[in-house]
Amino acid sequence: GAGVSQSPRYKVAKRGQDVALRCDPISGHVSLFWYQQALGQGPEFLTYFQNEAQLDKSGLPSDRFFAERPEGSVSTLKIQRTQQEDSAVYLCASSLGLDVYEQYFGPGTRLTVT
Amino acid sequence: GENVEQHPSTLSVQEGDSAVIKCTYSDSASNYFPWYKQELGKRPQLIIDIRSNVGEKKDQRIAVTLNKTAKHFSLHITETQPEDSAVYFCAAGGADGLTFGKGTHLIIQP
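Residues numbered from 1 in each chain as written. Chains lettered and ligands numbered in written order. Predicted model: local features only at pLDDT ≥ 70, side-chain atom pairs only at ≥ 80, totals over all residues. Heavy atoms only, no water.

Undergrad: Please provide a residue-by-residue account of unusual backbone geometry, values included.
TA: Look at the link from A:S7 to A:P8: it is a cis peptide, with omega at -10°. Relative to the assigned elements, A:P8 resides in the loop between β1 (5–7) and β2 (10–13). With an omega of -5°, the peptide bond running from B:H7 to B:P8 counts as cis. Turning to its location among the elements, B:P8 is positioned in the loop between β1 (4–7) and β2 (10–14). You will see that A:N51, though not glycine, has its phi angle at about 55°, which is positive. Tracing the backbone shows A:N51 in the loop between β5 (44–50) and β6 (53–56). Positioned with a positive phi, B:K71 is a non-glycine residue whose angle comes to about 55°. Relative to the assigned elements, B:K71 resides in the loop between β7 (62–67) and β8 (72–77). Classification of B:K71 as partly exposed rests on a relative accessible area of 24%. (Helix = DSSP H or I, 4+ residues; strand = E, 2+ residues; numbered from the N terminus. Buried < 20%, exposed > 50% of the residue type's maximum accessible area, 1.4 Å probe, protein only.)

As structure tokens, then:
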């Protein structure tokens, strides 16, 4: 079946612009996660949804970052007033949830802030 | 919060030899330990995982061991092949998210 998809794959934003990154999880997956991966580093947790409920947003680096999953399927990560330090790959992952923990990642969105 | 340390950062082995990557974690509440393989420019791919109620798990040439008391877990790859060259990440956590190590760049020498 279809895996996790993300769009756009690449985004170049001027400093100060707002961006919106989209994630389509695997159909039927209850849990959805956003991670930020800087060059040469491991993914870092940003936020977690169970269905439409955002249960953990402790990893969001500032109040410029906002995530939503209004219908419990597609999720959007929004970054307001982008800064150069926001440049990274943003990865989305989904898992079936309940007692199934395996997370499957999307291809990521590479954000470059100039 | 959870802290995951991963060693070594780079590992070079001869084709056909074994490779071992080690990780430690800090939070005793973590109960799920996956390993991901990431090729350059690609998404992380889950290759094997282990739950905290299991000490060892094997899948063909890949095995993972977990020592809950010492809070460390390891990835073992036997009979390495050129296609094993990639960055490998360990992670610790549970249903609500993962903390990743910094990665090991595995190089398979012909």
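Next comes the rest of the write-up.
Undergrad: Got a sec to walk through the pattern of salt bridges? Specific residues and values, please.
TA: Two side chains of opposite charge can pair, provided their charged atoms sit close to one another. Summed over the entire model, instances satisfying the criterion amount to six salt bridges over all chains. A salt bridge links B:R51 to A:D99, with the shortest nitrogen-to-oxygen separation between them at 3.5 Å. One end of the pair, B:R51, is in strand β5 (residues 45–51); the other, A:D99, is in the loop between β9 (88–95) and β10 (104–105), on a second chain. A relative accessible area of 51% places A:D99 in the exposed class. Across the salt bridge formed by B:D49 and B:K57, the nearest N and O atoms sit 2.9 Å from each other. B:K57 sits in the partly exposed class, given a relative accessible area of 36%. (Salt bridge = Lys/Arg side-chain N within 4 Å of Asp/Glu carboxyl O.)

Undergrad: Tell me what's going on with the side chain of B:D49, and back it up with residues and numbers.
TA: Topologically, B:D49 is positioned in strand β5. Side-chain polar atoms of B:D49 contact the side chain of B:Y32, separated by 2.7 Å. A distance of 2.9 Å separates the side chain of B:D49 from the side chain of B:K57, its partner in a polar contact. If near-sequence neighbours (up to four positions away) are discounted, B:D49 is found in contact with A:E102, B:Y32, B:F33, B:P34, B:K57 and B:V64. (Polar contact = N/O pair within 3.5 Å; in protein donor to acceptor, adjacent residues only side chain to side chain. Contact = heavy atoms within 4.5 Å.)

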